[in-house]
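Coordinates in review
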Amino acid sequence: GDLPLVGLRLFVPIDETGVEAGAGWIVARLAERRISEAARRLGADVSVRRTPDGNSYSVVGPRTDFDYLSYLLRLATSEPRAEFIADARSELADALDGLLETGPGQVELDLRMRTAAGPPLTGTPGSVAGLSAGTVLDLWSRTHRPERMTLLVSGRIETPLLLASLARLGATDSTVPSRPDVAAPPEPAGPNLTLIRRFTGRAWAGLDAGDPVVPVLARLAARALRDAPGDVQARVVVWDAGSGPVLAATGVAFPERFGELDGALDGLLIAARDLALGDAFGQAVGEVRQEWLLELGGMLGRIETVGSDIDRSIRPDAARARLDALEALTPERVVDTIERLFGTSARVTVR
């Protein structure tokens, strides 16, 4: 409409091979560095995300500064500078090494590897160690091509101005690098840790992205852990490493209390199923509804949320459909999902 702000979100689909895993994250990290300072000078809001479907680049600012906003998008999707790739790769490698050096980190990383159908978005210790500047630049050149990009616009901008301002995005040379056809690199063994407590986790895959069952079930599972008998220190998380959402529960206990923790995680789905048939279901739905509406509150959050739903489903009304699906959700459907997950958990314990 006539709001003084305009928002632009450019989406680039990325399909990494095992040997490229982590390269898309590096491309996004370098883009974020390039545009952050430039955006501050204008007072624009920017967001660069490595999503399960690709990389998204979003800018929001005054409509009168549209030329500068479109410049930020051109800058975000421009070729990464080879001399900065090593620093970004080291940042990612340090984060992965940090996981390997702790009990909870080893549990989480192992669960992510076991439940991923493809390479994780942040790569693996083996893939990140082998990433070269050439691999990252080839991935950028292969994926960041204008004909593969999707632009979402919020605000009133004349089409001729829009097309003229965004005519030079990404890689425009005629040579397109081929997708690597080599095996994923081997993974290094994790360090042996000296631990006085035991760490364990469970993870369930096979869920559908955008399905309201996932966040509702996560809240029911978290409440079940809070209500579990004994002194249980555990948490529930949902992640999507690129092959669909995964529900995970991880925890820690001293050896003499480990049985309580192990039992709580083994019985988590049963406890969540019982809660789904009571008052907790309505409370969980209300929490998810509030969270989703808050994401849609500002223009940057709205364009990111609507855009990510479109990326996933190729439907312009996907965000509306997701909210409608939440309102139509029933306890019986949550129970059906839980029963489908029984016996499918990945289990990891570090002691």
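As shown above, the structure is provided for reference.
My aim in this report is to walk through the structure given alongside it, one point at a time.

Glancing now at the overall build of the chain. Counting secondary structure elements, the chain contains 14 helices and 8 strands. For 351 residues, the compact-globule formula gives about 20 Å, and the C-alpha radius of gyration of the chain, at 22 Å, lands near that figure. The proportion of buried residues among the 351 residues of the chain is 46%. Across the chain, contacts joining residues at least 24 apart in sequence account for 83% of those joining residues at least 6 apart. With an accessible surface of roughly 16,500 Å², the chain has 51% of that area assigned to carbon and sulfur atoms.

So, on to the packing of aromatic side chains. One pass over the structure, following the stated rule, counts 1 aromatic pair. Residues Tyr 68 and Tyr 71 carry aromatic rings whose centres are separated by 5.5 Å and whose planes lie at 50 degrees to one another, so their mutual orientation is tilted. Of this pair, Tyr 68 and Tyr 71 both sit in helix H2 (residues 66–76), 3 residues apart, which is roughly one turn of the helix. Relative accessible area serves as the criterion here: at 26%, Tyr 68 is assigned to the partly exposed category. Tyr 71 sits in the partly exposed class, given a relative accessible area of 33%. When the ring centre of Trp 239 is taken as reference, the NZ or CZ atom of Arg 112 above it lies at 4.4 Å. One residue, Arg 197, lies across the ring of Phe 254, its end atom 5.9 Å from the ring centre.

A word on the pairing of strand E5 (residues 198–204). Within E5, 6 of the 7 residues are buried, leaving the element largely enclosed by the surrounding structure. Of the pairings in the sheet, the one linking E5 to strand E7 (residues 245–253) comprises 7 bridges and is antiparallel in character. Within the sheet, the bridge partner assigned to Trp 204 lies in E7 and is Leu 247. Summarising the sheet, E5 and strand E8 (residues 346–350) pair through 5 bridges and their orientation is antiparallel. Paired with Thr 200 across the bridge in E8 is Thr 349.

Sheets are built from strands paired through backbone hydrogen bonds, the pairs being either parallel or antiparallel. Spatial strand order, E6-E7-E5-E8: 4 strands in an open sheet with antiparallel pairing. Two strands bound the open sheet, and with one partner strand each, they are strand E6 (233–240) and E8. Ignoring strand direction, the axes of neighbouring strands in this sheet form an average angle of 15 degrees.

Counted according to the given criterion, the structure contains 28 salt bridges. A salt bridge links Arg 219 to Glu 287, with the nearest nitrogen and oxygen atoms 3.5 Å apart. Linking Arg 219 in helix H8 (residues 213–227) with Glu 287 in helix H11 (residues 280–295), this pair joins segments that are 68 residues apart in sequence. Residue Arg 219 is classed as partly exposed on the basis of its relative accessible area, which comes to 23%. Here Glu 287 falls in the partly exposed class, since its relative accessible area comes to 42%. Salt bridges sharing partners connect three or more residues here, namely Arg 9, Arg 49, Glu 304 and Asp 311.

In spatial order, the strands read E2-E3-E1-E4; together these 4 strands make up an open sheet with antiparallel pairing. The outermost strands of the open sheet, each flanked by one partner alone, are strand E2 (45–50) and strand E4 (150–154). Along the sheet, successive strands turn relative to each other by an average axial angle of 10 degrees, direction set aside. Sheet analysis places strand E1 (residues 5–13) next to strand E3 (residues 54–62), joined by 9 bridges and oriented antiparallel. In the strand pairing of E3, Arg 9 is matched with Ser 58. Seen against the sheet, helix H1 (residues 23–42) touches E2 and E3 and runs at an angle of roughly 175 degrees to E2. In the packing of H2 onto the sheet, contacts are made with E1, E2, E3 and E4, and the angle to E3 comes to roughly 160 degrees.

Calculation notes
Residues numbered from 1 in each chain as written. Predicted model: local features only at pLDDT ≥ 70, side-chain atom pairs only at ≥ 80, totals over all residues. Heavy atoms only, no water. Helix = DSSP H or I, 4+ residues; strand = E, 2+ residues; numbered from the N terminus. Rg over C-alpha atoms; globule rule 2.2 N^0.38 Å. Buried < 20%, exposed > 50% of the residue type's maximum accessible area, 1.4 Å probe, protein only. Contact = heavy atoms within 4.5 Å. Areas by Shrake-Rupley, 256 points an atom, 1.4 Å probe, with all protein chains shown as cover. Phe/Tyr/Trp six-rings, centres within 6.5 Å; stacked < 30°, edge-to-face > 60°. Lys NZ or Arg CZ within 6 Å of the ring centre and 35° of its normal. Pairing = 2+ DSSP bridges. Axes fitted to C-alpha atoms, helices over the stretch in contact; angles between N-to-C directions. Salt bridge = Lys/Arg side-chain N within 4 Å of Asp/Glu carboxyl O.

Note that every value here comes from positions in space, so none of it alone points to a role or purpose.
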